[in-house]
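Tertiary structure, described
In case you want the letters, here they are:
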Amino acid sequence: MGISGIAGLIGSLIVGGVVGTVSLVGVINSQTSPPSKSPVSVEQPDLDYGSNS
């Protein structure tokens, strides 16, 4: 493995880490945001198993 192979490996690890971190932060923010932005309410759970409309 040459220098370019090592550089490619390091670059792909950095890009993969950034993509994974951004995805995880988005999921955490959507689940812990205020009730107006949160998809689920504790008082009235929204269980949508599908619709025919």
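What comes next concerns the included structure. Everything quoted here is computed from the prediction, not taken from an experiment.

**Observations regarding the overall build of the chain**
- Of regular secondary structure, the chain possesses one helix and zero strands.
- Out of the 53 residues belonging to the chain, those deemed buried represent 4%.
- For the chain, the accessible surface area stands at approximately 4800 Å², while carbon and sulfur atoms represent 66% of it.

**Some details on a nonpolar patch on the surface**
- Taken together, the side chains of Ile 6, Ile 10, Ile 14, Val 18 and Val 22 make up a nonpolar region of the molecular surface, amounting to roughly 450 Å² of accessible area.
- Within the secondary structure, Val 18 is located in helix α1 (residues 3-32).

So, how was this worked out
- Residues numbered from 1 in each chain as written.
- Predicted model: local features only at pLDDT ≥ 70, side-chain atom pairs only at ≥ 80, totals over all residues.
- Heavy atoms only, no water.
- Helix = DSSP H or I, 4+ residues; strand = E, 2+ residues; numbered from the N terminus.
- Buried < 20%, exposed > 50% of the residue type's maximum accessible area, 1.4 Å probe, protein only.
- Areas by Shrake-Rupley, 256 points an atom, 1.4 Å probe, with all protein chains shown as cover.
- Patch = residues over 30% accessible without salt bridge, like charges linked within 9 Å, V, L, I, M, F, W, Y side chains within 5 Å.
- Salt bridge = Lys/Arg side-chain N within 4 Å of Asp/Glu carboxyl O.

Any link to function would need more than the numbers given here.
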